[in-house]
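Reading the structure
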Amino acid sequence: MPSAFRSPRDPAIRTILLPKDTNGHGTIFGGVILSYIDLAGAVAARRLGPHKYVTVGMDKIAFPEPVYVGDVVSFYADVNHIGTTSVTVKVRVEAQRFADPNVTVKVTEALVTYVAVDAGGRPIPVKGGLPRTTLFAKKK
Ligand SMILES: CC(C)(COP(=O)(O)OP(=O)(O)OC[C@H]1O[C@@H](n2cnc3c(N)ncnc32)[C@H](O)[C@@H]1OP(=O)(O)O)[C@@H](O)C(=O)NCCC(=O)NCCS
């Protein structure tokens, strides 16, 4: 895997979740986390080129730890596999507890697959045709 496709420890997304993101028990709704996972993976996929990507699949996902309002939640995304028209990204989610910032827990991990599509929604090659984006180039 070319090192340019490997995330540094900077997360693709880092956020604090709010009361609006909770379920009926007062903890964060799993669907909110899934939505951020989808976005974080897309941030990593976009490094391959400014394609239009659609999400085609997400592997089995488990939530061994809850996320609480006020936790700092980080979504680390690394390109795991580059296919012909698809790219698969591993997204790891960690929560730094609001109640104790010294405690960070792994919330979940997922493999998300995106397909590059043309204007008609048909798969197109992820490599070759388009220049790699400089969105994440280091500042000079
Ligand atoms: C993504 C989409 C364009 C793929 O179309 P398709 O006709 O199935 O295309 P293909 O069979 O040629 O597969 C394209 C690539 O997707 C991969 N793929 C297809 N289904 C997959 C799945 N369930 N999981 C992982 N990868 C999958 C194929 O392996 C292939 O990868 P490769 O080219 O790197 O080898 C089409 O399924 C689609 O439009 N889906 C809806 C996407 C969407 O709207 N997502 C948001 C849902 S709310």
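From a predicted model like this one, the values you see are computed outputs, not experimental measurements. (Residues numbered from 1 in each chain as written. Predicted model: local features only at pLDDT ≥ 70, side-chain atom pairs only at ≥ 80, totals over all residues.)

A closer look at the site of the ligand
- Not every one of the 13 residues close to the ligand is listed here, only the nearest: Gly 57, Gly 83, Thr 84, Thr 85 and Ser 86.
- Elements supplying a minimum of two residues to the shell around the ligand: strand 2 (52-58) and strand 5 (104-117).
- At four residues, strand 2 tops the list of elements feeding residues into the shell around the ligand.
- Residues of the shell around the ligand, tallied by class, amount to five nonpolar, eight polar and no charged. (Near = placed C-beta within 6 Å. Helix = DSSP H or I, 4+ residues; strand = E, 2+ residues; numbered from the N terminus. Nonpolar A, V, L, I, M, F, W, Y, C, P; charged D, E, K, R; others polar.)

Topic: the nonpolar core
- Counting residues in hydrophobic clusters, the biggest one holds 30 residues, and the most contacted among them are Ile 37, Ala 45, Phe 75, Ala 77, Val 89 and Val 91.
- At the level of secondary structure, the elements contributing two or more residues to this core comprise helix 1 (30-45), strand 3 (72-82), strand 4 (86-96) and strand 5.
- Per-element tally for this core: the top contributor is helix 1, with seven residues. (Core = buried A, V, L, I, M, F, W, Y, C linked by C-beta atoms within 7 Å. Buried ≥ 20, exposed ≤ 12 C-beta atoms within 10 Å, placed from the backbone.)

Just geometry here; none of it tells us what the structure is for.
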